[in-house]
Amino acid sequence: MDDRIIGHIDMDAFFAAVEERDKPWLKGLPVVIGADPKGGVGRGVVATANYAARKYGIHSALPIQKAWSYSESARKRGERGVVFITSRGRRYAEISKEVFDIVSSYVDTMQITSIDEAYFDITNTGSYEEAKRVARQIKKEITQKTKLTGSIGIGPNKMIAKIASDLQKPDGLTIISADETYDLLARLPLRTIPGIGPKVEEKFKRLGIATVEGARIFSWQEMQDMFGSHGFSLYQKLRGSGSVTLREPQVRKSIGKHKTFPEDTIDLDLIHAVIEEMGKKILASLHKKRFTGFRTIVLTVRFGDFETKSRSLTSSEPVHSLSILQARALKLLLPFFEATENPKQKKIRMVGLRLEKLQ
Ligand SMILES: [Mg+2]
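This is a predicted model, so every value here is computed, not measured.

J.: Where do I start with the overall build of the chain in this structure?
T.: A count of helices and strands for the chain gives 13 helices and 12 strands. C-alpha extents for the chain along the principal axes are approximately 60 × 55 × 45 Å. Residues counted as buried form 33% of the 359 residues belonging to the chain. Pairs at least 24 apart in sequence give 62% of the contacts found in the chain among residues at least 6 apart.

J.: Explain the domain arrangement of the chain to me, please; I cannot follow it from the model alone.
T.: A common way to report how large an interface is uses the accessible area buried once the components associate. Here the chain is described as being made up of domain 1 (6–12 + 90–182), domain 2 (16–87), domain 3 (187–238) and domain 4 (254–358). Each of domain 3 and domain 4 has a C-alpha centre, and the two are 40 Å apart.

J.: When you look at the sheet that holds strand β9 (residues 254–265) in this model, what are you seeing that I'm missing?
T.: Hydrogen bonds between backbone groups are what pair the strands of a sheet, and the pairing can be parallel or antiparallel. Across the sheet, four strands lie side by side as β9-β12-β10-β11; this open sheet has antiparallel pairing. Here the strands that pair on one side only, and so sit at the sheet edges, are β9 and β11 (308–319). The sheet shows a mean angle of 10° between the axes of neighbouring strands, direction not considered. Relative to strand β12 (residues 348–358), strand β10 (residues 294–303) runs antiparallel, the two sharing nine bridges. Residue pairing in the sheet places I297 in a bridge with L355 of β12. Where helix α13 (residues 322–333) meets the sheet, it contacts β10, β11 and β12, and its direction lies at approximately 40° from that of β10.

J.: Teacher, can you tell me more about the environment of V351 here?
T.: Checked against the element boundaries, V351 lands in strand β12. Residue class for V351 comes out buried when judged on the 23 C-beta atoms lying within 10 Å of it. Taking the C-alpha atoms as reference points, V351 and K309, 42 residues apart in sequence, are found 9.8 Å from one another. Beyond its immediate sequence surroundings of up to four residues, V351 is in contact with H258, K259, I271, V274, I275, T300 and V301.

J.: Honestly, the pairing of β12 in this entry has me stumped. Any pointers?
T.: Each regular strand shows side chains that alternate between the opposite faces of the sheet. Pairing between β9 and β12: eight bridges, direction antiparallel. Looking at the pairing, H258 lines up with G352 of β12.

J.: Is there a simple way to explain the packing of helix α10 (residues 220–227) against helix α11 (residues 231–238) in this structure?
T.: Helix packing geometry: the angle between the two helix axes and the distance between the axes. At their nearest, the axes of α10 and α11 sit 7 Å apart, and the two run at 130° to each other. In terms of orientation, α10 lies oblique with respect to α11. Relative to α11, α10 is oriented so that their crossing is right-handed. Together, W220, M223, Q224, M226 and F227 of α10 and G231, F232, L234 and Y235 of α11 make up the contact between the two elements. Classifying every residue of the contact of α10 with α11 by side-chain character gives seven nonpolar, two polar and no charged.

J.: Looking at this model, I keep getting lost on the sheet that holds strand β7 (residues 150–155). Mind explaining?
T.: If you trace the five strands from one edge of the open sheet to the other, you get β5-β6-β1-β7-β8, paired in mixed fashion. On the outer flanks of this sheet lie β5 (109–114) and β8 (173–175), each paired with one strand and no other. In this sheet, adjacent strand axes meet at a mean angle of 15° when their direction is disregarded. In this sheet, β7 lies alongside strand β1 (residues 6–11) in antiparallel orientation, the contact comprising six bridges.

J.: Got a minute to help me understand the nonpolar core in this structure?
T.: Grouped together as the largest cluster of nonpolar side chains are 58 residues, with contacts concentrated most on V32, V103 and M110. The leading source of residues in this core is helix α4 (residues 89–104), at six residues. Taken together, domain 1 (6–12 + 90–182) and domain 2 (16–87) each give at least three residues to this core, which thus spans both. Excluding anything up to four places from it in sequence, V32 contacts V46, A49, A53, I58, A67, V82 and F84. Of all hydrophobic cores here, the second largest spans 18 residues; its members include M278, L283, A329 and L332.

Conventions we followed
- Residue indices follow the written sequence of each chain, beginning from 1 at its first position.
- Owing to the predicted nature of the model, reporting of local features is limited to residues with pLDDT of at least 70; listing and counting of side-chain atom pairs is limited to 80 or more, with chain, interface and lining totals taken over all residues.
- Under the scheme used here, helices are H or I runs from DSSP no shorter than 4 residues and strands are E runs no shorter than 2 residues, and both carry numbers assigned from the N terminus.
- Partly exposed residues are those whose C-beta has more than 12 but fewer than 20 other C-beta atoms within 10 Å; with 20 or more the residue is buried, with 12 or fewer it is exposed, and the C-beta atoms are placed from the backbone.
- Once C-beta atoms are placed from the backbone, any two residues with those atoms within 7 Å are in contact.
- Annotation comment: domain bounds sourced from an automatic or database domain assignment.
- At least two DSSP bridges between two strands are needed for those strands to be called paired.
- Under this scheme, a helix contributes an axis fitted over its contacting stretch, all axes are lines through C-alpha atoms, and angles between N-to-C directions fall in the 0 to 180 degree range.
- Every angle not falling under 35 degrees, over 145, or within 65 to 115 is termed oblique; those three ranges are roughly parallel, roughly antiparallel and roughly perpendicular.
- Less than a right angle of anticlockwise turn of the near helix away from the far helix marks a crossing as left-handed, whereas a clockwise turn marks it as right-handed.
- Following the grouping adopted for this structure description, the nonpolar residues are Ala, Val, Leu, Ile, Met, Phe, Trp, Tyr, Cys and Pro, the charged ones are Asp, Glu, Lys and Arg, and the polar ones are all others, Gly among them.
- What we call a nonpolar core is a set of buried Ala, Val, Leu, Ile, Met, Phe, Trp, Tyr and Cys residues whose membership is set by joining through C-beta atoms within 7 Å.

What follows is the structure, given as structure tokens:
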């Protein structure tokens, strides 16, 4: 197979950067985008923290309450408190489209993996040098048109491209050619490798191993003994091999909403009312997006202890009406109040409703 040249773009602190651009008064301040902290009792998590807020230890997925308390500590030290901003999803989606329209004008194939990340294939540039020139051009056009910066990594496969895009954030451009991959990877911490999480890291740590190079002493058989079915793929990743297949952006497959309650609750009437409201909204946006119906409905419940369960129903014929949607949602919901799905009668923290197999 031909050697491919793959790129990965990751916008820098994307949501925060959009807000900073739209609200110039935020310049220089620590900014956190996410749930409303409600003076320290809010629920939900941080979506993005800008670089100034990250200095306080705030990062994505941190509970918003923690972010609030870090901000308060900073204030007590005499530093600037964090500006908390509620996510504006539609705005970020608009800008995301602008960014990816620019990228796609330079490349043959692109796989969008999140609102601010995508892989692209630039094998047709013919060399890493030329690929770098194109990447610089992409970055320049994005900054000119959107006033935002992104980091690009280029490598022989998706894994290396993604690792590279992260190496010199923000506003980075990092090339790891096929020839450099093996040696460059050797020096990096194990956690750099996708698929190596805290558990695998810990396992190596107990063996005195902290870098990719250290972990390479094991044969693939030994890796399989240690990590079971993931062993072989880990073995390959440690040596820098990875997939080069890009999936084209897919059409939207599902549409849904979720709600975290201000307080955990087991009040069926309340929860049912919330789900009915959600059903209405979801069906309206389904129609707005020109779908006529759906076949699968998924109800997700997160309990107070964060245990999360989903139940779903799929019909052979597409569903179009709100009343059938509501009836099915209720049917999915009830077992969460019964011994089958909720033997300990735990309170519920969040509910979500999603429609799939859209028509
Ligand atoms: Mg990003």
